[in-house]
Amino acid sequence: MGDLEVGALLEVPFGRQRVLGLVVGLSDASDVPPDKLVEPIASLDITVPRDLVEVGLWLGEEYCSTPARGLGLTLPPGVGGGKKIRRPKARKDLLVELTLGGREALGGKGRLGSRQKAILRAVSGGPRAARDLSAEAGADRAGIRKLEQRGLVTTSEVERMRRPETRRIGAPAVEVELNEAQAAAVGRIVDAIDSRDGSFLIHGVTGSGKTEVYMAAVEAALDRGLGAIVLVPEIALTPQTESRFSDRVGEQVALLHSRMSAGARYDEWRRLFSGDARICVGPRSAVFAPIRDLGLIVVDEEHDPSYKQESDPRYDAREVAARRAEEAGAVLITGTATPRPESWVALEHLELPDRVDGRPLPPVEIVDMRSAGSGPLHPRTLEAFGELAEAGGKAILLLNRRGWAGYLVCRSCGHPWTCPSCDVSLVMHREQGLVRCHHCGHSEPMPTDCPECGSATIAQVGAGTQRVADELERLLAPLPVFRMDADTVAAGSSHAQVLGDFQAADSGVLVGTQMVAKGHDFPDVTLAVVLDADGALRIPDFRSEERTFSLITQLAGRCGRGEGGGRVLVQALSVGSPSIVHASSHDSVGFLSGELERRRDLGYPPFSHLIDLVCSAPDEAAVAEISGVLAAAVSGSLPASAEMLGPAPLFRLRDRHRRRLMVKTENRPATVEAVRDAVERTAKAASSRGVAISVDVDPQ
Ligand code: ADP
Ligand code: ZN
Ligand code: ZN
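Residues numbered from 1 in each chain as written. Chains lettered and ligands numbered in written order. Predicted model: local features only at pLDDT ≥ 70, side-chain atom pairs only at ≥ 80, totals over all residues. Heavy atoms only, no water.

Caption draft 1: The arrangement of the packing of aromatic side chains in detail. Under the definition given, this model contains six aromatic pairs. The interplanar angle of 85 degrees and the centroid separation of 6.3 Å between the aromatic rings of Trp-58 and Tyr-63 together place this pair among those described as edge-to-face. One exposure class covers both Trp-58 and Tyr-63, and it is buried. For the ring pair Phe-482 and Phe-502, a centre distance of 5.8 Å and an interplane angle of 75 degrees mean the geometry is edge-to-face. Here the residue Phe-482 occupies a position in strand 21 (residues 481-484), and Phe-502 occupies one in helix 16 (residues 495-504), the gap between them amounting to 20 residues. Across this residue pair, the class does not change: Phe-482 and Phe-502 are buried. The ring centre of Phe-273 lies 4.4 Å from the NZ or CZ of Arg-292, which sits over that ring. (Phe/Tyr/Trp six-rings, centres within 6.5 Å; stacked < 30°, edge-to-face > 60°. Buried < 20%, exposed > 50% of the residue type's maximum accessible area, 1.4 Å probe, protein only. Helix = DSSP H or I, 4+ residues; strand = E, 2+ residues; numbered from the N terminus. Lys NZ or Arg CZ within 6 Å of the ring centre and 35° of its normal.)

Written out as C-alpha cells, the structure is:
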C-alpha cells in the first residue's frame, strides 16, 4: 500500500462490511493485540488535507459531537462508506488527435468520405473532444474508431471537470476606484496578509462597498500565492458573489454548495485540492474547502444565523473559520452592517461609515400598531403604498410569517386548531386549502366547522405573507406583487427567479419572509416596510433584540440605493424597544453598547458560553425522569465558574416531549468536557427509557 500519511483515505474491512477509514495519526506501536489488527484493503487515490483533518477532530470535540462526525465534514463530497465505498465517478472525454498519416490523407493521399474529411479537418488544428466533433462534423464513435483503425487519428481518454451551472445575476462587475475608507481597510488587511496574522470586522453600512474590499483582499492573497475562502449566508447568494469574483479573477474561483450535482461538487473540490482553483465561494460548508496555503477567509454578512448548523455536528462556521484561519496563518475578515456583539468585542474594527454613492441611508419611521385597526396594514402604511401605486417605483415588504393566517379559532367555543404531534397552532394556507404545522409538516384540509360545537364560524387570526400579498394585489392593481418565502420556493420558483422578475419589472412590490432582506442590490426600491417588526421580541431568547435590530437594519439597507431616494416604515407594538429605536436611527454602535451592557449584566455571550442540553421522548414521564438524572450528573461535574439552569419544559415537537437544561460558563473547554462526561454517564439510563439527549454548544 505504500507509505501512508495523515489524511489518507482507506478501505478497511469491518465485519462483513467495508468501511471508509481516514488516517488521523501514525504510530509504530499499538495496544491492540496483533490478531485483532486488520490490514486495510486499499487506499483511495484521493486524500484529505492534513489541516482539515485537524479541524475535523477539533470540531467533533468542541461541539460535543464525535470524531467521525467532525471528520465527515472534511471528506471529498460524495465519498463515503457503507457496504461498499462510494465515490462519484469522474467524467471522461475521448480526445481525438490527428496523426501524420491523417495529415497526409487530408492533403489528398488516400480515399476519404466527406464526413471523414470533415472530422480530420476539425482535428487538424489540434486535439478535440469526440463530443464536440459529433456536433460539428457529424462524427459518431464508430466513425472515429474507423479512422483510428486506419491510423489517421489516435484517441485517448481525458477527464472533463464538471462545473456548476451558474446563472449570472446583475451586470458584469466594473473596476471601481476604492474610496478612502475602502482603501484604508484594504491597506490594513494587506499588511495583515503579509504578516499572516489578523482578524477583522468590517463594519460597513449597507451599500458601503464591502464586497469591493473583499475582492481587493482576495486579489492581494492571490498575488502572494495564497488561496481564499469566501463564505456567504445563503446558497441563493452564491451565484451573485461567484460571478463578481470570477469577473475579477477568472477560472480560479470554485463553488461548493449542496444544491450542485454530486459530480460537480466532487470536481470542484478536486480543482481546489489540486490548486487549479484557489478561491472557494459557498455557504457555511465551504469553510471546509480543501485549499492549500490558505491566506484569507471572508465571512460576509456575519450576523446571519444560517452560519450555524442545526443538526449534529452543530458547528458554527464563523468559529470554524476563526479556528482555521488561526491554524493556517490566514487573515479572517467578517463583514456586516449589523455586527454581532461577539465579533464587536473580539475583532479589530474597520469602518465603512458611508454609502459609496454618497446617498444618505433612508429615513425610518416607526408605525405604532397600538393605534391601528384590525387589518395587518396600518393606515400610514396603506397611504405609502397608495403613493407608490400612483408615482410608480418598487417596494419590499417583510413579514416573518408565511401562510395566510397565523392560527384558527372557533368563534363560538374558542376551540383552537393545533398540531396533533406538536404543541403549536396549525397555520392556514389558503392557496392549498390546508392548515399546516410549520414544525413537523403535518397538514389537514381547511376545517369548515368546529369539531367541538359544530359552529361554522371560524376566526382566522393574524396575517402571513399570502394574505398580505393578496391584499396588496387587490389594493394596488395593476401594480404587480411578487411573493418569496419557503412556500413559493417549494412550489418551484427559486429565489433567483422571483428576484429576477422583480428586478425586470418597471414597478411592483416584493412580499416575503426574512429572505427579502438579504444581500441583493436593486437601485429602484423606494419603500421598505416591516410588519410585526417586534414579533421576534415576544420569543424568550436573549438574541431576540439582536435579531430584530439586524432584520430592520438589513431591510432598510435594500432601500433608497438609487436616485429616487427611499423611506422605511416599521410596524410594531413595542415601539420603545432598544432594537427598534436604534434601528430607526441606523445606530448600530448605540445598539451594541446597550446590548453589551445588558449581556454583561445577565452573563450572556460574549461574556460567557452557552451549552443547551435537550432530552426528548414520546413518554413525558421518561423525559422528566431522565432530565432530572442528567441535571444531577451535569451539575455535579461542572467547573466552579459554570452555572446550570433548568430543566425547563419545551413545547412538544413531532410527538416528543422535551426538557431543556442550559449551562452558562466562562470556562468552555472544561465545561464541554464535563457535559460530555455527564451525557455519557446518563446515556445508558436514557436509552433504556427511550430518551434521546442532544447537546448544542453555542446554541443560536
Ligand atoms: P455592500 O456589500 O457594502 O452592501 P457592495 O460591495 O455590494 O456593498 O457595493 C454596492 C455597489 O456599489 C456595487 O454595485 C459596487 O460595484 C459599487 N461600489 C462599491 N465600491 C465602489 C466605489 N468605490 N466606487 C463606486 N462604486 C462602488
Ligand atoms: Zn366551537
Ligand atoms: Zn407538528
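From this point on, the discussion continues.
Caption draft 2: Quick look at the nonpolar core. Ranked by internal contacts, the top residues of the largest apolar core, which has 67 residues, are Leu-231, Leu-272, Phe-288, Val-320, Ile-611, Leu-613 and Val-695. Apart from residues no more than four positions distant in its own chain, Leu-613 is found in contact with Leu-630, Val-634, Arg-659, Arg-660, Leu-661, Val-663, Val-675, Val-679, Ser-694 and Val-695. Among the nonpolar cores identified, the runner-up in size contains 34 residues, and Val-186, Ala-192, Met-215 and Ala-216 belong to it. (Core = buried A, V, L, I, M, F, W, Y, C linked by side-chain atoms within 4.5 Å. Contact = heavy atoms within 4.5 Å.)

Caption draft 3: A look at the site of ligand 1. Neighbouring ligand 1 are 15 residues; Glu-177, Gln-182, Gly-207, Lys-210 and Thr-211 lie closest to it. The side chain of Gln-182 places a nitrogen or oxygen atom 2.8 Å from a nitrogen atom of ligand 1. Between Gly-207 and ligand 1, the recorded distance is 2.9 Å, taken from a backbone N or O atom to an oxygen atom. Within the complex, the protein chains bury 75% of what would otherwise be the 570 Å² of accessible surface of ligand 1. Looking at which element gives the most residues to the shell around ligand 1, the answer is helix 8 (residues 210-223), with three residues. Taken together, the residues that form the shell around ligand 1 break down as three nonpolar, six polar and six charged. (Near = heavy atom within 4 Å. Polar contact = N/O pair within 3.5 Å; in protein donor to acceptor, adjacent residues only side chain to side chain. Areas by Shrake-Rupley, 256 points an atom, 1.4 Å probe, with all protein chains shown as cover. Nonpolar A, V, L, I, M, F, W, Y, C, P; charged D, E, K, R; others polar.)

Caption draft 4: Spatial organisation of the pattern of salt bridges. Tallying each qualifying case throughout the model produces 49 salt bridges. For Arg-668, the salt bridge identified is with Glu-62, shortest N-O distance 2.8 Å. Linking Arg-668 in helix 21 (residues 668-688) with Glu-62 in helix 1 (residues 50-62), this pair joins segments that are 606 residues apart in sequence. On the basis of relative accessibility, which here comes to 10%, the residue Arg-668 falls in the buried class. Two residues, Glu-212 and Arg-244, come together in a salt bridge whose shortest N-O distance is 3.5 Å. Remark: Arg-244 occurs in helix 9 (residues 238-249) and Glu-212 occurs in helix 8; sequence separation between them is 32 residues. (Salt bridge = Lys/Arg side-chain N within 4 Å of Asp/Glu carboxyl O.)

Caption draft 5: Region of interest: the coordination of the zinc ion (ligand 3). Within the protein, Cys-419 (SG), Cys-422 (SG), Cys-437 (SG) and Cys-440 (SG) serve as the donor atoms for the zinc ion (ligand 3), at 2.2 to 2.4 Å. Each of the four donor atoms around the zinc ion (ligand 3) contributes to a set of angles spanning 103 to 114 degrees, which defines the coordination as tetrahedral. The motif formed by the donor residues of the zinc ion (ligand 3), counted along the single chain, is C-x2-C-x14-C-x2-C. Classification of Cys-422 as buried rests on a relative accessible area of 0%. (Donors = N, O, S within 2.8 Å, 3.2 Å for Na, K, Ca; no water. Tetrahedral: all angles 85-135°; square planar, octahedral: opposite > 155°, others 65-115°.)

Caption draft 6: The pairing of strand 10 (residues 279-282), seen in detail. Side chains Ile-279 and Val-281 of strand 10 all project onto a buried face; the interleaved residues Cys-280 and Gly-282 project onto the opposite face, where all are buried too. Here strand 8 (residues 227-231) runs beside strand 10; their pairing, made up of four bridges, is parallel. Paired with Ile-229 across the bridge in strand 10 is Cys-280. In terms of handedness, the path from strand 9 (residues 253-255) via helix 10 (residues 262-274) over to strand 10 forms a crossover that is right-handed. (Pairing = 2+ DSSP bridges. Right-handed = clockwise from strand over helix to strand, strands pointing away.)

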